[in-house]
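# Residue-level structure breakdown
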Amino acid sequence: MTALGIDVGGTYTKWVTLEGEAVSGSGAVPTPPGPDETVELAASLAAHAGSIGIGLPGHVDRDTGTALFVPNPPGDWDGYPVGERLGALTGVPVSVVNDARAFARAELALGAARGLADVLFAVLGTGVGGAVALRGAVLVGPRDNLGEIGHVTVSPWGPVCCCGNRGCVETFAAGPGIVRAFGPGTAKATAAEVAEAARAGDERAAQAFEQAGWALGVALGDAAAFFGVGSVVVGGGVSGALDLMRSTLNNELARRRPLIGDVTVLPAVLGPMAGAIGAALYGRRSG
Ligand SMILES: [Zn+2]
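Residues numbered from 1 in each chain as written. Predicted model: local features only at pLDDT ≥ 70, side-chain atom pairs only at ≥ 80, totals over all residues. Heavy atoms only, no water.

As recorded in an unreviewed UniProt entry, the protein goes by the name Glucokinase, listed as coming from Nonomuraea jabiensis. UniProt, in its Sequence similarities (unreviewed entry) section for the protein, records the words "Belongs to the ROK (NagC/XylR) family." (UniProt positions renumbered as here; feature names shortened; annotations may be inferred.)

The structure is reproduced here in structure tokens:
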């Protein structure tokens, strides 16, 4: 049975089809202008699907398939009955899940965390998503909101975050935070360009990534202490520059070794389709 997985992002929407554990098809398109159009896009991909999983960058009610707090993609998502509309259009069972939890499910089942039971996950992109797996299961929470490591406070007087707080990990370790740390008035528009500058020897660019690694290390150290977990998987577009964050990230974790022990940080292995693969796995489970 073909399992369709869709990962709705702020800019791009990606999809995969899974046959067993193998990806049999995939693609990416610009995210449509709103939830109606996104559901229509999903339905157009579902011709041969026996189940559909759809990941959203925010909080969702898994029981009803409703978007609750999804601020980044275009359009007004909050309260939108994604599962009901997509189910009505396709006649196929639909699961609606958080995108970082979907990423974690994929890396746990088929990727870097395969075979591990207790793992923390961080997804570095336009924001910072997170998840926690204990005893081989990704924890979910009542609004699919458990594991938001991106909104751990690392600097109470730091930059304002989209969540209403100040100095969240996300304000330092997501793409826009890295670009901001590199400096205003520069021509660098993306974290990838800042990474390129850092590799070419630019000291300020290197410091932006060192700061990102520090912020991530502080939060992962807290999470490791809180959950007693010794493995971390880091993915997302910005994680291509994980090597530039490694020393400050490892320093923060090493400093706390007496309490948290050795914490191993593993790069994700499934690439940009991990969220869509995880959504497909969740869809199949409910279907
Ligand atoms: Zn925040």
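### So, the coordination of the zinc ion
Listed as protein donors to the zinc ion are His151 (ND1), Cys161 (SG), Cys163 (SG) and Cys168 (SG); their distances from the metal cover 2.0 to 2.3 Å. Note that the zinc ion binds four donor atoms; their angles at the metal cover 105 to 120 degrees, and the shape is tetrahedral. Along the chain, the residues donating to the zinc ion are arranged with the sequence spacing H-x9-C-x1-C-x4-C. Separated by 17 residues along the polypeptide, His151 in the loop between strand S10 (137-138) and helix H4 (170-173) and Cys168 in the loop between S10 and H4 bring together distant segments of the chain. Overall, His151 belongs to the partly exposed group, its relative accessible area being 26%. (Donors = N, O, S within 2.8 Å, 3.2 Å for Na, K, Ca; no water. Tetrahedral: all angles 85-135°; square planar, octahedral: opposite > 155°, others 65-115°. Helix = DSSP H or I, 4+ residues; strand = E, 2+ residues; numbered from the N terminus. Buried < 20%, exposed > 50% of the residue type's maximum accessible area, 1.4 Å probe, protein only.)

### Observations regarding the UniProt feature "transmembrane region" (unreviewed entry) in the protein
The UniProt feature table records "transmembrane region" (unreviewed entry) at residues 214-238 and 259-282. Within residues 214-238, the helical portion is 56% and the strand portion 20%, while the C-alpha atoms at the span's ends are 15 Å from each other.

### Here we look at the pattern of salt bridges
Enumeration according to the criterion identifies nine salt bridges in this entry. One salt bridge in this structure joins Asp36 and Arg85, with 3.6 Å as the shortest N-O distance. Within this pair, whereas Asp36 is found in helix H1 (residues 35-44), its partner Arg85 is found in helix H2 (residues 82-90), the two being separated by 49 residues in sequence. With relative accessibility at 39%, the residue Asp36 sits in the partly exposed group. Arg257 is the partner of Asp262 in a salt bridge, and the nearest nitrogen-oxygen pair spans 2.7 Å. (Salt bridge = Lys/Arg side-chain N within 4 Å of Asp/Glu carboxyl O.)

### Comments concerning the side chain of His59
Relative to the helices and strands, His59 resides in strand S5 (residues 59-61). Look at His59 and you get buried, because its relative accessible area is 15%. Within polar-contact distance, the side chain of His59 engages the side chain of Glu148 at 3.0 Å. (Polar contact = N/O pair within 3.5 Å; in protein donor to acceptor, adjacent residues only side chain to side chain.)

### A few points about the domain arrangement of the protein
Here the protein is partitioned into domain 1 (2-102 + 272-286) and domain 2 (115-269). Between domain 1 and domain 2, the residue contacts involve 11 residues of the former and 13 residues of the latter. Its largest share of buried area at the contact with domain 2, domain 1 owes to His59, Ala100 and Arg101, together 58% of the area lost on that side. Along the contact surface separating domain 1 from domain 2 lie three salt bridges. Glu148 is paired through a salt bridge with Arg101; the nearest N and O atoms lie 3.3 Å apart. Summed over the shared surface of domain 1 and domain 2, the number is eight residue pairs in polar contact (both at pLDDT 80 or more). Residue assignment for the side of domain 1 that touches domain 2 shows that the elements contributing at least two residues are S5, strand S6 (66-69), strand S7 (94-98) and helix H3 (99-110). Taken together, the residues that form the side of domain 1 that touches domain 2 break down as six nonpolar, three polar and two charged. (Domains from an automatic or database assignment. Contact = heavy atoms within 4.5 Å. Buried area = accessible area lost by both parts, 1.4 Å probe. Nonpolar A, V, L, I, M, F, W, Y, C, P; charged D, E, K, R; others polar.)

### A short note on the packing of aromatic side chains
Enumeration over the complete set of coordinates arrives at four aromatic pairs. Plain terms: the ring middles of Trp77 and Tyr80 are 6.2 Å apart, the flat faces sit at 65 degrees to each other, and that makes the pair edge-to-face. The two residues Trp77 and Tyr80 agree in class, both being buried. With 5.7 Å between their ring centres and 80 degrees between their planes, Phe172 and Trp214 make a pair best called edge-to-face. Here Phe172, found in helix H4, pairs with Trp214, found in helix H7 (residues 203-227); they are 42 residues apart in sequence, far enough to count as distant. The exposure class assigned to Phe172 is buried, which follows from its relative accessible area of 7%. By relative accessible area, Trp214 is classed as partly exposed at 28%. Taking the ring centre of Phe182 as reference, the NZ or CZ of Arg204 above it sits at 5.0 Å. (Phe/Tyr/Trp six-rings, centres within 6.5 Å; stacked < 30°, edge-to-face > 60°. Lys NZ or Arg CZ within 6 Å of the ring centre and 35° of its normal.)

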